[in-house]
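# Inside the fold
Residue-level listing of the chains:
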Amino acid sequence: MREKRRARRADILGVEIDALTPQEALIEIARLVRAGTGHQVVTVNPEFMMAARRDREFADVLRHADLALADGMGLLWASRILGCPLKERVAGVEVVLGLAALCAQQGFSLFLLGAAPGVAEEAARVLQDANPGLKIVGTYSGSPRAEEEDMICDLIRKARPSILLVAFGAPQQDKWIRRNLSRTGVPVAMGVGGAFDFISGRARRAPGWMRRIGLEWLYRLCRQPWRWRRMLALPQFAWLVWRARLTGKKSPQDC
Ligand code: UDP
């Protein structure tokens, strides 16, 4: 699993994140597709890190992922404070857009699982319009409930996608992938959170300038105020990073 990974990784509060640019992340995913079945990609942000401290199953998922991408400016900031700098943010939605182009070029196929009914289909149409020849071999809304797992795995196995994208929200989507990865037979599966909502146009992303200065979380909070509880993870994360730095628990040699 993780030992197959080649890229340099930054250890942030015990979670290893791959130091890759978005382009390098796509190259790495293509390598995993060619390597065969059973690879999991996670797109980590500070909320994931804090959730993993309370949830051993989720922590295990992050530890065993074949590729852990830095989907949050908070991780880049933390990596600098802790002396293991990451290269760039690798936003999940941008990975999905890049993957669609890569799949069209290389003849890989996608399966879109999750989001509200109809959203994955709309996202699939947008991706295919932008990438002529892109093969999307299935879409299904479904849910992460245990009763549906057999049926969903069957659907995916029969469709034989190269890459499975799962939008059940974290941590459910990432746990779902870990439980079912081998049963689906897919080479690569990745949790994508709200990516289908953004790509289909059902939800709007923060303007570019807000994303560039790391304020996407503020935009989402204004549009979806019910997220305030989840956002409490951000100051907690910042405090833990500073504490690790001040108590010298991390040093550049540990990178
Ligand atoms: N979702 C789903 N089934 C569930 C819970 C969530 O399909 O039981 C979908 C939801 O419709 C949305 C995505 O999962 O499309 C999660 O979006 P969110 O913005 O919460 O994810 P984040 O990017 O914050 O992880």
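The notes below deal with the structure included here. No experiment lies behind these values; they were computed from the predicted model shown.

The subject of this paragraph is the packing of helix 2 (residues 46-54) against helix 13 (residues 233-246). Contact pair helix 2 / helix 13: the axes reach a minimum separation of 9 Å and the direction vectors enclose 80°. Between helix 2 and helix 13, the angle falls in the class roughly perpendicular. Along its contact with helix 2, which presents Pro46, Glu47, Met49, Met50 and Arg53, the element helix 13 presents Ala233, Leu234, Gln236, Phe237 and Leu240.

With that out of the way, let us pick up the nonpolar core. Formed by 39 residues in total, the largest nonpolar core has its most connected members in Ile29, Leu112, Ile163, Leu165 and Phe196. Taken together, the elements giving at least two residues each to this core come down to helix 1 (22-35), strand 4 (67-70), helix 5 (92-106), strand 5 (109-114), helix 6 (119-130), strand 7 (163-167), strand 8 (188-191) and helix 9 (195-200). Residues within four places of phenylalanine 196 in sequence aside, it is in contact with Leu112, Leu113, Gly114, Ala115, Val119, Ala120, Ala123, Leu165 and Ala167.

On to the pairing of strand 7. Remember that side chains alternate between the two faces of the sheet whenever the strand is regular. Counting buried positions along strand 7 gives five out of five residues, so the element sits mostly inside the fold. Side chains Ile163, Leu165 and Ala167 of strand 7 all project onto a buried face; the interleaved residues Leu164 and Val166 project onto the opposite face, where all are buried too. Pairing of strand 5 with strand 7, which is carried by five bridges, proceeds in the parallel orientation. Looking across to strand 7, one finds that leucine 112 is bridged to leucine 165. Where strand 7 and strand 8 come together, four bridges link them in parallel fashion. In the sheet register, valine 166 faces strand 8, and the bridge partner there is glycine 191. Since strand 7 and strand 8 lie parallel, the crossover through helix 8 (residues 172-184) that links them has a hand, and here it is right-handed.

Let us look at the site of the ligand. As a structural note, the neighbourhood of the ligand is formed by 14 residues, with Ala115, Asp197, Arg220, Arg227 and Arg230 the closest of them. Backbone polar atom of glycine 169 to an oxygen atom of the ligand: 3.2 Å apart, as the coordinates give it. Contact with the protein chains covers 71% of the free accessible surface of the ligand, which is 550 Å². Residue composition of the shell around the ligand, grouped by class: six nonpolar, four polar and four charged.

Before going further, it helps to spend a moment on the packing of aromatic side chains. Under the counting rule described, the total for this entry stands at three aromatic pairs. Aromatic pair phenylalanine 48 and phenylalanine 58: ring centres 5.5 Å apart, planes at 50°, arrangement tilted. Taken together, the positions of phenylalanine 48 in helix 2 and phenylalanine 58 in helix 3 (residues 56-64) put the pair 10 residues apart, joining distant regions of the chain. With respect to burial, phenylalanine 48 and phenylalanine 58 carry one shared label: buried. A ring pair is formed by phenylalanine 168 and tryptophan 176, whose centres lie 6.2 Å apart and whose planes are at 75°; its orientation type is edge-to-face. Assigned by exposure class, phenylalanine 168 and tryptophan 176 land together as buried.

Direction vectors running N to C along helix 1 and helix 5 enclose 50°, while the axes themselves pass 10 Å from each other. In this view, helix 1 runs oblique relative to helix 5, as classed from their interaxial angle. In terms of crossing hand, the pair formed by helix 1 and helix 5 is right-handed. Listed contacts from helix 5 to Leu26, Ile29, Ala30 and Arg34 of helix 1 are Val95, Gly98, Leu99, Leu102 and Gln106. Here the contact of helix 1 with helix 5 is built from residues that sort into six nonpolar, two polar and one charged.

Attention now goes to the pattern of salt bridges. The full count for this structure, using the stated rule, is 19 salt bridges. In this structure, arginine 202 engages glutamate 122 in a salt bridge whose closest nitrogen and oxygen atoms are separated by 2.7 Å. With arginine 202 in the loop between helix 9 and helix 10 (208-212) and glutamate 122 in helix 6, this residue pair connects regions lying 80 residues apart in the sequence. Shared partners join several salt bridges into a network, and the residues in it are Asp71, Arg89, Glu94, Arg205 and Glu216.

A separate point is a nonpolar patch on the surface. Judged by side-chain polarity, Trp77, Trp239, Trp242 and Leu246 come together as a nonpolar surface patch covering roughly 470 Å² of accessible area. At three residues, helix 13 tops the list of elements feeding residues into the nonpolar patch. Within the element layout of this structure, tryptophan 242 appears in helix 13. What makes tryptophan 242 partly exposed here is its relative accessible area of 37%.

Rules and cut-offs
Residues numbered from 1 in each chain as written. Predicted model: local features only at pLDDT ≥ 70, side-chain atom pairs only at ≥ 80, totals over all residues. Heavy atoms only, no water. Axes fitted to C-alpha atoms, helices over the stretch in contact; angles between N-to-C directions. Helix = DSSP H or I, 4+ residues; strand = E, 2+ residues; numbered from the N terminus. Parallel < 35°, antiparallel > 145°, perpendicular 65-115°, else oblique. Contact = heavy atoms within 4.5 Å. Core = buried A, V, L, I, M, F, W, Y, C linked by side-chain atoms within 4.5 Å. Buried < 20%, exposed > 50% of the residue type's maximum accessible area, 1.4 Å probe, protein only. Pairing = 2+ DSSP bridges. Right-handed = clockwise from strand over helix to strand, strands pointing away. Near = heavy atom within 4 Å. Polar contact = N/O pair within 3.5 Å; in protein donor to acceptor, adjacent residues only side chain to side chain. Areas by Shrake-Rupley, 256 points an atom, 1.4 Å probe, with all protein chains shown as cover. Nonpolar A, V, L, I, M, F, W, Y, C, P; charged D, E, K, R; others polar. Phe/Tyr/Trp six-rings, centres within 6.5 Å; stacked < 30°, edge-to-face > 60°. Left-handed = near helix turned anticlockwise from the far one by under 90°. Salt bridge = Lys/Arg side-chain N within 4 Å of Asp/Glu carboxyl O. Patch = residues over 30% accessible without salt bridge, like charges linked within 9 Å, V, L, I, M, F, W, Y side chains within 5 Å.

Everything listed here is a matter of coordinates, which is why it stays silent on function.
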